[in-house]
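Topology and contacts: notes
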Amino acid sequence: MSTFQTVRGMRDLLPEEAEVINYVITKARQTATLYGFREVITPIVEPYELLSAKSGEEIRQRMFTFKDLGDRTVALRPEFTASIARLATTAMKNEPKPLRVFSVGSVYRYDEPQKGRYREFWQSNFELMGSAKPEADAEVVLLTNSVMKNVGLQDYAIKLGHVGVLKGIMTQHSVEDKMQNAVLQRMDKKEYEAALALISSDECRNVLQGLIELKYDSVFDAVKKMKTHLQGYEKALNAVENLSAILKLVTESGCEIETVDPAFARGLEYYTGMIFEVHVPEMNIALGGGGRYDKLIEVFGGEPTPAVGVAHGLDRIALAMQSQKTALKTEEKKKVVVVPIREEQKGEALKIAQMLRDAGVSAKFEVMGRKMAKAMEDADKRKEADYAVIVGERELKEGKVVVKDLSKRTQTEVKIEELAQKIKS
Ligand code: HAM
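The rules behind each value
Residues numbered from 1 in each chain as written. Predicted model: local features only at pLDDT ≥ 70, side-chain atom pairs only at ≥ 80, totals over all residues. Heavy atoms only, no water. Buried < 20%, exposed > 50% of the residue type's maximum accessible area, 1.4 Å probe, protein only. Helix = DSSP H or I, 4+ residues; strand = E, 2+ residues; numbered from the N terminus. Contact = heavy atoms within 4.5 Å. Salt bridge = Lys/Arg side-chain N within 4 Å of Asp/Glu carboxyl O. Near = heavy atom within 4 Å. Polar contact = N/O pair within 3.5 Å; in protein donor to acceptor, adjacent residues only side chain to side chain. Areas by Shrake-Rupley, 256 points an atom, 1.4 Å probe, with all protein chains shown as cover. 1 Å grid on protein atoms, 1.4 Å probe; cavity = no way out; pocket = protein on both sides within 12 Å on 5 of 7 lines; lining within 4 Å. Sits in = over half its atoms within 2 Å of the grid points. Nonpolar A, V, L, I, M, F, W, Y, C, P; charged D, E, K, R; others polar. Pairing = 2+ DSSP bridges. Axes fitted to C-alpha atoms, helices over the stretch in contact; angles between N-to-C directions. Domains from an automatic or database assignment. Parallel < 35°, antiparallel > 145°, perpendicular 65-115°, else oblique.

Turning to helix α10 (residues 219-229), a few remarks are in order. Given 3.6 residues per helical turn, the α-helix brings residues three or four places apart onto the same face. Burial in α10 covers these residues: Val 219, Asp 221, Ala 222, Val 223 and Met 226. Of the surrounding elements, those touching the buried residues of α10 are α6 (163-172), α9 (202-213), α11 (234-252) and β8 (259-260).

Right, dumping it as structure tokens:
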């Protein structure tokens, strides 16, 4: 029989890759704690109805949907937001607001596999529910900035926009919601011509075209020019005011916003307000994205609850770290291999390995039954250990073992009760 491969778009993360993803997870989790977000764990399999309700055509078509054995139509989660909104209307309904919820895990989309685009990928997700204030939007942008900084990325840029701008213009020209979503989907992909072709009103098309082509010097200038361009569009102007307030808070706090995109749209349908993404120069795909969604919890049968959130693509963050040569800052812990010289010392050697592990030293036991010389050769070759602890009859009688420094190639006898301490120091 031939060997098995992973399903297309699904990957094995080998130890080095898993280490980086776990490092990013640790940093995201620490950031969540620093910002007062509590972690929840939700199912990977959810009702199709829940996941498809407000996510939008793009995601709906890419969901892994199937019938379970109980004939329920279910799907693998393509994101976390729907699950968290469900929680906000059920088990966490009575939690005091604002509610800050963090999650991390794998999500699934039937995307076309390529570098940075997979069918199973990892997200860290933050939702802040219960506040309509710009400071809530600012908080989500700031924590995203913190995650990027905390993993060690040097060169990244945050792009800000507001879905209320495009929606406000189209609503004023009586473009139906469904058509608005179709336009926004295309704008998200920068297919501006195709987006504008869907609009029948010349006036509406011209205003949108003007936004797409708007030239500006700085982010504040962008907001100013948007206001001038949108005279007479009350809803769109309110959106620009809101965007301006958020921009002011974020920049005043010391976080730089690289771009304000007047014609910014994102693929998900539930957004109602500020939207943002993080990019790095070496990739043309986003490292993270989010925004405000004030109607979703209501759609799921909850009390009207304004909310804002973000998801970070951990696989893409890992790729960016690799290309920006970001070193993992992990605590270096000493590692040892424990080798009994003979059969008779196995029990005692295992006991010593156990004692080292209890003291926090990583200890690999020689499980292949090899002779000392062979075991040493292997430890040398693999370069996975700092010391070899050799357990022999003569030393044991004196309550000692031999410790061999594998890089310096020196060896000393060490009392067993002092062993862990000696290795750690
Ligand atoms: P999203 O923009 O669809 O937003 O996804 C967030 C991030 O997930 C992207 O910026 C990207 O880094 C990563 N990502 C998306 N697709 C793939 C893929 N095929 N392979 C690898 N990484 C990918 C959301 O998911 C929203 N739920 C964010 C949010 C939370 N909005 C409000 N609250």
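Attention now goes to the pattern of salt bridges. In total, this model carries 34 salt bridges according to the counting rule given. Notably, a salt bridge pairs Arg 11 with Asp 315, separated by 2.9 Å at the nearest N-O pair. Of this pair, Arg 11 sits in the segment before α1 (15-34) while Asp 315 is found in helix α13 (residues 314-323), placing the two residues 304 residues apart along the sequence. Exposure remark for Asp 315: the relative accessible area of 5% places this residue in the buried category. For Asp 261, the salt bridge is made with Lys 159, and the minimal N-O distance between the two is 3.6 Å. Placement of Asp 261 in the loop between β8 and β9 (274-279) and of Lys 159 in strand β7 (residues 157-162) is noted, with a sequence separation of 102 residues between them. Judged by relative accessible area, which is 15%, Asp 261 ranks as buried.

Attention shifts here to the site of the ligand. As a matter of local geometry, the ligand sits amid 27 residues, with Glu 79, Asp 111, Tyr 118, Tyr 271 and Ala 286 nearest to it. In the model, a nitrogen atom of the ligand is placed 3.5 Å from a nitrogen or oxygen of the Gly 116 main chain. Burial of the ligand by the protein amounts to 95% of the accessible area it has alone, namely 660 Å². One can see that the ligand is located within the largest pocket. Looking at the shell around the ligand, the elements that each hand over two or more residues are β6 (120-129), β10 (288-292) and β11 (307-313). By residue class, the composition of the shell around the ligand is 10 nonpolar, 10 polar and seven charged.

Let's shift gears to the sheet that holds strand β13 (residues 362-365). Pairing in this open sheet of five strands is mixed, and the strands run β13-β12-β14-β15-β16 from one edge to the other. Looking at which strands have only one partner, the edges of the open sheet turn out to be β13 and β16 (410-415). Pairs of neighbouring strands in the sheet enclose a mean axial angle of 30 degrees, with direction left out of account. In this structure, strand β14 (residues 387-391) lies alongside strand β15 (residues 400-405), joined through four bridges in antiparallel fashion. When the bridges of β15 are listed, Tyr 387 appears paired with Asp 405. Contacting β12 (335-340), β14 and β15, helix α15 (residues 372-382) crosses the sheet at an angle of about 165 degrees to β12. Sheet strands in contact with helix α17 (residues 416-424) are β12, β14, β15 and β16, and its direction is about 130 degrees off that of β16.

This brings us to the domain arrangement of the protein. Segmenting the protein into domains produces domain 1 (15-323) and domain 2 (335-424). Placing a centre on the C-alpha atoms of domain 1 and another on those of domain 2 gives a separation of 52 Å.

Time to look at the pairing of β6. A large share of β6 lies buried, amounting to eight of its 10 residues. Where strand β5 (residues 99-108) and β6 come together, 10 bridges link them in antiparallel fashion. Bridge assignment links Phe 102 to a residue of β6, and that residue is Phe 126.

Another point: the packing of α6 against α11. α11 packs onto α6 with a crossing angle of 170 degrees between their chain directions and a minimal axis gap of 7 Å. Judged by the inter-axis angle, α6 sits roughly antiparallel to α11. Each of Gly 164, Val 165, Gly 168, Ile 169, Thr 171 and Gln 172 in α6 lies in contact with α11, whose residues at this interface are Glu 234, Lys 235, Ala 236, Ala 239 and Val 240.

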